[in-house]
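# A structural walkthrough
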Amino acid sequence: MKYPSETDRALAAQAASASEADLLLRLGEALAGEPARDSDQQNLRSRGEDWLRRNRMRFKELVCGNPVFADLGDSMVDVATLADALCVLLNRPTAFIVAAILIKRGISTLCS
């Protein structure tokens, strides 16, 4: 991975420090194209979770079997590393959100 830009470092830091519930909400907002209202938060999290489930095989094909991703931890650098790879499938902001979720859940879980 090339040295991350200031923007990428900020996206990675935000994603790495967020809870999985917050990341799912942000993913749902990105998919919906609008910020959540209090009453919509669970629906947006569900939308994000459903989307992840539908796209799991795409992520699995990209990540699993590649030793670069085998031992990723929950750090800003590791989120940026995975997000950089996911950019072949996703826009940059979404790639950082998805990278953080996959890392928090465990790459071994994705690849099992």
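Residues numbered from 1 in each chain as written. Predicted model: local features only at pLDDT ≥ 70, side-chain atom pairs only at ≥ 80, totals over all residues. Heavy atoms only, no water.

## Points about the overall build of the chain
On a plain count of helices and strands, the chain comes out with 6 helices and 0 strands. For the chain, the sequential pattern of α-helices and β-strands runs α-α-α-α-α-α. At a minimum sequence separation of 6, the contacts of the chain that also span at least 24 residues come to 60%. Accessible surface, the chain: about 6,100 Å² in total, of which carbon and sulfur atoms supply 51%. Seen as two clouds, the 14 positive and the 15 negative side-chain charges of the chain have centres 4 Å apart. (Helix = DSSP H or I, 4+ residues; strand = E, 2+ residues; numbered from the N terminus. Contact = heavy atoms within 4.5 Å. Areas by Shrake-Rupley, 256 points an atom, 1.4 Å probe, with all protein chains shown as cover. Lys, Arg positive; Asp, Glu negative; His and termini not counted. Charge placed at Lys NZ, Arg CZ, Asp CG, Glu CD.)

## Brief notes about the environment of L44
Mapped onto the secondary structure, L44 falls in helix 3 (residues 41–63). Classification of L44 by relative accessible area gives buried; the value is 8%. Sequence separation between L44 and L62 is 18 residues; the distance between their C-alpha atoms is 26 Å. (Buried < 20%, exposed > 50% of the residue type's maximum accessible area, 1.4 Å probe, protein only.)

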